[in-house]
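Read off the chains here:
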Amino acid sequence: MKDCLFCKITSGEIPIEKIYEDEQICAFFDINPQAATHFLVIPKKHIANLMELRETDASLMGHIVYQATELAKKLGLEENGARFVFNCKEDGGQTVPHIHLHVLGGRKLNWPPG
Ligand code: 5GP
Ligand code: ZN
């Protein structure tokens, strides 16, 4: 979608070092990391937020979660675990309106969030 930051990243309009890419999704490190390891996994298809999901997006979302765990393992997060987060809209703290799964690891994270 025009004027979407993450669509510009998936299309290559904004060049970025990707840590994973296939036909449906890509992953890259967060520009403002909140943990020793912090990366995002996003669909190439523009979906603004979780509330916009259709039932037909189920396998895409499963693929995102599965590849996030594979990358987390490759990046050394398997033993101690990590946090996998989708922020959704204003109250969820979403700032970029294109679905993205945050993976944060490498330190102990607090719960509940503030
Ligand atoms: P949200 O707040 O929407 O859940 O998360 C958006 C995330 O995208 C933030 O953690 C922010 O640091 C990250 N981000 C925003 N712009 C860019 C960018 O241009 N490059 C990268 N790698 N991350 C970005
Ligand atoms: Zn987009």
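Reading the values: the criteria
- Residues numbered from 1 in each chain as written.
- Chains lettered and ligands numbered in written order.
- Predicted model: local features only at pLDDT ≥ 70, side-chain atom pairs only at ≥ 80, totals over all residues.
- Heavy atoms only, no water.
- Helix = DSSP H or I, 4+ residues; strand = E, 2+ residues; numbered from the N terminus.
- Buried < 20%, exposed > 50% of the residue type's maximum accessible area, 1.4 Å probe, protein only.
- Donors = N, O, S within 2.8 Å, 3.2 Å for Na, K, Ca; no water.
- Tetrahedral: all angles 85-135°; square planar, octahedral: opposite > 155°, others 65-115°.
- Core = buried A, V, L, I, M, F, W, Y, C linked by side-chain atoms within 4.5 Å.
- Contact = heavy atoms within 4.5 Å.
- Salt bridge = Lys/Arg side-chain N within 4 Å of Asp/Glu carboxyl O.
- Pairing = 2+ DSSP bridges.
- Polar contact = N/O pair within 3.5 Å; in protein donor to acceptor, adjacent residues only side chain to side chain.

Draft legend 1. View of the environment of arginine 54. Counting through the fold element by element, arginine 54 comes out in the loop between strand E3 (37-43) and helix H2 (58-74). Relative accessible area serves as the criterion here: at 54%, arginine 54 is assigned to the exposed category. Separated by 38 residues in sequence, arginine 54 and glycine 92 place their C-alpha atoms 20 Å apart.

Draft legend 2. Molecular detail of the coordination of the zinc ion (ligand 2). Each protein donor to the zinc ion (ligand 2) is listed here as Cys4 (SG), Cys7 (SG), His46 (ND1) and His98 (ND1); together their distances run 2.0 to 2.3 Å. Angles of 107 to 116 degrees at the metal separate the four donor atoms of the zinc ion (ligand 2), which places the site in the tetrahedral class. The sequence pattern formed by the donor residues of the zinc ion (ligand 2) is C-x2-C-x38-H-x51-H. Of the two residues, cysteine 7 is situated in helix H1 (residues 5-11) and histidine 98 in the loop between helix H3 (89-92) and strand E5 (101-105); the sequence distance between them amounts to 91 residues. We note that cysteine 7, like histidine 98, is buried.

Draft legend 3. Representation of the nonpolar core. Residues Phe39, Val41, Ile64, Leu101 and Val103 are the most contacted members of the largest nonpolar core, which totals 15 residues. Within the residue set of this core, elements represented by two or more residues are strand E2 (25-29), E3, H2 and E5. In terms of residue count, the dominant contributor to this core is H2 (six residues). When residues no more than four places from it in sequence are discounted, the contact partners of valine 103 are Thr37, His38, Phe39, Ala68, Ala72, Leu77, Ala82, Arg83 and Phe84. Counting nine residues, the second-largest nonpolar core is a separate cluster that includes Cys4, Cys26, Phe28 and Leu40.

Draft legend 4. Main features of the pattern of salt bridges. The final tally for this structure, using the stated rule, is five salt bridges. Between lysine 2 and aspartate 3 there is a salt bridge whose closest N-O contact spans 3.8 Å. In this pair, the class of lysine 2 matches that of aspartate 3, namely exposed. Here lysine 18 ties to glutamate 21 by a salt bridge, and the two come within 3.6 Å at their closest N and O atoms.

Draft legend 5. Spatial organisation of the pairing of strand E1 (residues 18-21). In this structure, E1 lies alongside E2, joined through three bridges in antiparallel fashion. Bridge pairing in E2 places glutamate 21 opposite cysteine 26. Linkage of E1 to E2, two consecutive antiparallel strands, is achieved through a turn of three residues.

Draft legend 6. Layout of the side chain of glutamine 94. Take glutamine 94: it is sitting in the loop between H3 and E5. For glutamine 94, a relative accessible area of 14% corresponds to the buried category. A polar atom in the side chain of glutamine 94 sits 2.8 Å from the backbone nitrogen of lysine 89. Those residues in contact with glutamine 94 that lie beyond four places of it in its chain are Ala48, Asn49, Asn87, Cys88, Lys89 and His100.

By themselves, these are just geometric observations and shouldn't be taken as functional.
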